[in-house]
Amino acid sequence: MTKLSTQQKLHAIAKKAIPDDTDLWSNIERQVSKTETSSKIWRLNRRLGWVAAAVVILFSVSLVAYALDNILQKAIEMDPGLHQVNLAEMGTELDLSDTIDGYTVNLQWAYADGNRIAVGFTVTSSDGQEYANFTPLEVALIDERGDGFTSIGGIGAGVENDVGGYVLNFDARHIADPPEALQLRLKMTIEPIRLIEDEDAEPTLSPHEQAGIEPQDTTAMADVIDENDPRLVDPIGSFIFEFNVPVHAAQTYSVNETQTVEDIPITLTNIRVAPSMTTATFCIPPSNDTDYPEQIPIIRLETPNGEAIGGWGELFEDECIVASFVPTLDDVESPQDWVFIVDEVVGFQEIEPYGQERIAGPWVFEFSTP
Amino acid sequence: MQEELKAIKQLQSGDIGGLEVLVRQHQLEAIRAVYLITQDRAQAEDIVQAAFIRVYERIGQFDSSRPFRAWFLKSVINDALKVVTRRKDHQPIENVDTGEQHSGLPIQADDPATLIEHAQTSEEVWTILSDLPPEQRATIVMRYYLDFSQAEIADELKIPLGTVKWRLHAARRSLKTALAPLWNTYKTKEG
């Protein structure tokens, strides 16, 4: 049998069974959207994840401030801002449990300041199976008036001794005059992922890796989102908790100053200093350079003790960016002279050869806080 | 190729439009190749669909200096092999009607032997494929359906070139043996 005739027969068989109009795109698009939703809350704070993973080394020797589960403690330690407020015992210990279909979510910890609200919880299962993760999904946090707080990502420390530990963050910057305490209602579902080792499976991304967080275990843990995947369990919930949490005030300083370098004006509008995170809101006009339409500023904040700390930013309202930093509590509590610096603005090409154009600054903003 | 590279870059920057380009470009060939291995259309579609979703999730790991087609097809062939091996049955799942569909193929109408072979042996090929061990079936599909060279098959399946040659030889021998009675029948009639 010649190659050609075998080839013809195989093509004929395949073409007969799979017609030319076969199209998987709509299914794939739907599935990808589902995947995107599942991991959205983790991806939102991707940069926070990396920063936390890097900084966690600095805090490797830590004290246990509360009787929190060890795995939850680890998740908190992965976020440097939450770690320092936890060490200072500024968080609120809770012990609220909700069990659905054998899965128990135990809300153990909450923290709130003028920049963010964080909740820490563990997840366990009573079915005797091992789990790789219990990914939180469809998370909603509202106050007693029904006003919602936007999720700004979370950190998971994985599952240890059959207990998963997670922290979720919510944006609280919109509260102009925060009350001393917030009455909150947290609602969420979880997506358990069973631990089924497949020796044939290629090492792949875990949900933590997808979130930009250091993986707990890279051995044979495939994370293909496949409805028939035996590792996946349908989302469980909704788990609902109502609780009170004291609010640590943020100090907001209006700066409203513009610096221009290389014909690029950058305006620092305000700084909001809070124990778990300090935010700087600044605005850059959209790039006029059609070759490099995407631009990213490289920023840092010099604290009153002269330390320069890097930050990460989220774009909002097209031109403005909220940059976040984690100064020490000493800096936060004794604010004096601060310097916010945009070292350079890097333009990116959207098409080949995907080059960069680096516009050197610096744009320097000095300000004092009383 | 340029369009494919652009789609990959698009996808790597998070634009799902890049995935659509890749799906439309490679889905048919991939589903058909997997179908020849699994012999189950629904399963073939599931495998290819999952592979594209994996592409979406792992495109950051893809080295765009490598050809996407070979990388992707290797991935789905491996997935198909896993499924078939797990199924642990080499029985044909369904038979293919080898009737009118073949009329469009470039056959020589004046050659009765070719006509007989073409009209009847597609089904025979299908049956024999079913009886082949999954690894040989995958090797046949890669060599004769996807037109990979033996070296490419060895490279993509991460097996020695000698193993590829042996699998192809064994598969060809099975096909030849199975088709022998048919050929004899034709010769008897002619005689």
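Refer to the structure presented above.
Just so we're clear, the structure is a prediction, and the values are computed from it rather than from any experiment.

K.L.:
Even after reading the chapter, I still don't get the overall build of chain B, so can you show me in this structure?
P.N.:
Scanning chain B for helices and strands turns up 8 helices and 0 strands. Written out in order from the N terminus, the α and β elements of chain B read α-α-α-α-α-α-α-α. Taking all 191 residues of chain B together, 46% fall into the buried category. Contacts in chain B between residues at least 24 apart in sequence constitute 68% of all its contacts with a sequence separation of at least 6. About 9100 Å² of surface is accessible on chain B, with carbon and sulfur atoms providing 50% of the total.

K.L.:
What is the right way to read the state of the cysteines from this model?
P.N.:
Among covalent bonds in proteins, the disulfide is the one between the sulfur atoms of two cysteines. All names here are of chain A. Counting across every chain of the model gives 1 disulfide over all chains. In this model, Cys283 is linked to Cys320 through a disulfide, with the two sulfur atoms separated by 2.0 Å. The disulfide joining Cys283 to Cys320 has a torsion of about 100° about its S-S bond and is therefore right-handed. On the criterion of sequence distance, the pair formed by Cys283 in strand β12 (residues 277-283) and Cys320 in strand β16 (residues 320-325) is long-range, its members being 37 residues apart. Taking the relative accessible area as the measure of exposure, Cys283 reaches 15% and is therefore buried.

K.L.:
I keep staring at the packing of aromatic side chains and nothing clicks. Help me out?
P.N.:
Any two aromatic rings considered together are summarised by their centre-to-centre distance and by the angle between their planes. Residue and element names in this part refer to chain A. On inspection of all chains with the given rule, the structure shows 11 aromatic pairs over all chains. Ring geometry for Phe325 and Phe340: centres 6.2 Å apart, planes at 80°, overall edge-to-face. Here Phe325, found in strand β16, pairs with Phe340, found in strand β17 (residues 337-348); they are 15 residues apart in sequence, far enough to count as distant. An aromatic cluster is present here, built from Phe282, Phe325, Phe340 and Phe365 joined pairwise through their rings.

K.L.:
Whenever I open this one, the packing of helix α4 (residues 70-77) of chain A against helix α5 (residues 80-87) of chain A confuses me. Can you help?
P.N.:
Describing two packed helices takes the angle between their axes plus the distance from one axis to the other. Residues and elements named next belong to chain A. Look at α4 against α5: their axes get within 7 Å of each other, and the N-to-C directions meet at 120°. The angle between α4 and α5 falls in the class oblique. Along its contact with α4, which presents Gln73, Ile76 and Glu77, the element α5 presents Pro80, Leu82, His83 and Asn86.

K.L.:
In this structure, what is going on with the pattern of salt bridges? I would like to understand it.
P.N.:
Pairing of side chains with opposite charge becomes possible as their charged atoms draw close. All names here are of chain A. The final tally for this structure, using the stated rule, is 16 salt bridges over all chains. Across the pair Arg116 and Asp79 runs a salt bridge, and its minimum N-O distance is 2.8 Å. Remark: Asp79 occurs in the loop between α4 and α5 and Arg116 occurs in strand β3 (residues 116-125); sequence separation between them is 37 residues. On the accessibility criterion, Arg116 (1% relative accessible area) is buried. With its nearest N and O atoms 2.7 Å apart, the salt bridge here joins Asp343 to Arg300. Residue Asp343 is found in strand β17, and its partner Arg300 is found in strand β13 (residues 294-302); the two are separated by 43 residues along the sequence.

K.L.:
What is the right way to read helix α6 (residues 134-145) of chain B from this model?
P.N.:
Since the α-helix turns once every 3.6 residues, residues separated by three or four places project in the same direction. Residue and element names in this part refer to chain B. Among the 12 residues that make up α6, 11 are buried, leaving the element largely enclosed by the rest of the structure. Among the residues of α6, Pro134, Gln136, Arg137, Ala138, Thr139, Ile140, Val141, Met142, Arg143, Tyr144 and Tyr145 are the ones counted as buried. Taken from the residues just after α6, Asp147 is the one with a positive phi, measuring 65°.

K.L.:
Quick question: what am I supposed to make of the nonpolar core here?
P.N.:
A general trend in soluble globular proteins is that nonpolar side chains are found buried together. One finds Ile28 of chain A together with Leu19, Leu36, Val48 and Phe72 of chain B to be the most contacted residues of the largest nonpolar core, which totals 56 residues. Tallying contributions element by element places helix α2 (residues 17-38) of chain B first for this core, with 10 residues. Ignoring sequence-local partners within four residues, the contact set of Leu19 of chain B consists of Trp25, Ile28 and Val32 of chain A together with Leu11, Phe52, Val55 and Tyr56 of chain B. In terms of nonpolar packing, the next biggest core, distinct from the first, is built from 33 residues, Val119, Phe134, Leu168 and Phe243 of chain A among them.

About the criteria used
Residues numbered from 1 in each chain as written. Chains lettered and ligands numbered in written order. Predicted model: local features only at pLDDT ≥ 70, side-chain atom pairs only at ≥ 80, totals over all residues. Heavy atoms only, no water. Helix = DSSP H or I, 4+ residues; strand = E, 2+ residues; numbered from the N terminus. Buried < 20%, exposed > 50% of the residue type's maximum accessible area, 1.4 Å probe, protein only. Contact = heavy atoms within 4.5 Å. Areas by Shrake-Rupley, 256 points an atom, 1.4 Å probe, with all protein chains shown as cover. Disulfide = S-S within 2.5 Å. Phe/Tyr/Trp six-rings, centres within 6.5 Å; stacked < 30°, edge-to-face > 60°. Axes fitted to C-alpha atoms, helices over the stretch in contact; angles between N-to-C directions. Parallel < 35°, antiparallel > 145°, perpendicular 65-115°, else oblique. Salt bridge = Lys/Arg side-chain N within 4 Å of Asp/Glu carboxyl O. Core = buried A, V, L, I, M, F, W, Y, C linked by side-chain atoms within 4.5 Å.

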